[in-house]
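Close look at the chain arrangement
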Amino acid sequence: MMDRRTFLAATAALAAAPAFAKTAAKGGKPVGLQLYTLRTLFQADPVNTLTQVARVGYQEIEYGGGGYDAMDHAMLRRTTDRLGLKAPSAHIPYDSLANHFDQSVKMARTLGADTVVMPYIDQSLRNEEGWRQVVATMNRIAPQLHSEGFTFAYHNHDFEFTTQVAGSDLYERLIHDTDPALVKFEIDLYWAVKAGQDPKALIRRLAGRVHAYHVKDMKPDGSMTSVGSGTIDFADIFRLNGISGVKHFFVENDECPAPYIPDITTSFNNLSRLLGR
């Protein structure tokens, strides 16, 4: 459980949140939260954490981290349904999808997700032979997920752009060697920028294949911060929403500072304004 100081600070932040928070995004696209941002709170008390997320005004969540995979998934679904939260996607590790496919599908379906996102590839596979295996696995599980009624997407960090294999970076291999009809992309805008990518150029190359964005901002020193508190020009990037195919916008801050709720509230308010234009 969270300590008393953290609980009181989080409660105060919710009380101080602007009255329009719940409705700020109604004129635009839903604002979501990647739960990895609150992994410490979520692992200790998932029901209370989801309740606080809903009170801030978030309409969607994306499962990832915090030990959610070992929790009571039916209980989580009852909780999100009661709170009016949608959970359109879940991050499921490479090994689980490759070797425990049926269990992964059952979990995603119970949680209410319609999209399965592969979130990370271990360093041991970031080589010619390993990446060939990764691509083959994606091309195997994507049609299987499709037949089960799910969309499949891949979430990037920075290493996909900075690691070269056989004359091209790993992300380039994913773009060209996977089925564009079945393998979509969840672009983590922070990590793309961190890797030196032009996010608008990347989006144009992936037009129609972008399932979602992870929206996290960058301080001048390169560290993460709440949306609207850094240097990434999301308003400019979002001008390409019409061609990207993007359906979901998930706030994320891997380095979210305690007591956590003020940070996600700032991100919610700023992203709501951006999407409500």
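Up top is the structure.
The paragraphs below set out a description of the structure included in this document. (Residues numbered from 1 in each chain as written. Predicted model: local features only at pLDDT ≥ 70, side-chain atom pairs only at ≥ 80, totals over all residues. Heavy atoms only, no water.)

Considerations on the overall build of the protein
Within the protein, the regular secondary structure consists of 14 helices and 12 strands. Residues classed as buried in the protein amount to 57% of the 277 residues present. Summing over all exposed atoms, the protein offers an accessible surface of approximately 11,700 Å²; the carbon and sulfur share of this is 50%. (Helix = DSSP H or I, 4+ residues; strand = E, 2+ residues; numbered from the N terminus. Buried < 20%, exposed > 50% of the residue type's maximum accessible area, 1.4 Å probe, protein only. Areas by Shrake-Rupley, 256 points an atom, 1.4 Å probe, with all protein chains shown as cover.)

Describing the environment of Ile 175
Here Ile 175 shows up in helix 9 (residues 170-177). Residue classification places Ile 175 among the buried positions, given a relative accessible area of 10%. In this structure the C-alpha to C-alpha distance between Ile 175 and Arg 209, which are 34 residues apart in sequence, comes to 9.5 Å. Apart from the residues lying within four places of it in its own chain, the contact partners of Ile 175 are Phe 185, Arg 205, Leu 206 and Arg 209. (Contact = heavy atoms within 4.5 Å.)

Let's talk about unusual backbone geometry
At the junction of Ala 258 and Pro 259, the peptide bond is cis and its omega measures out at 10° in the coordinates. Positionally, Pro 259 belongs in the loop between strand 12 (248-251) and helix 14 (261-275). Of note in the backbone geometry, Ala 166 takes a positive phi value of approximately 55° without being a glycine. Within the fold, Ala 166 resides in the loop between strand 6 (164-165) and strand 7 (168-169). Given the relative accessible area of 67%, Ala 166 is considered exposed. A positive phi angle, near 75°, is found at Tyr 260, a position not held by glycine.

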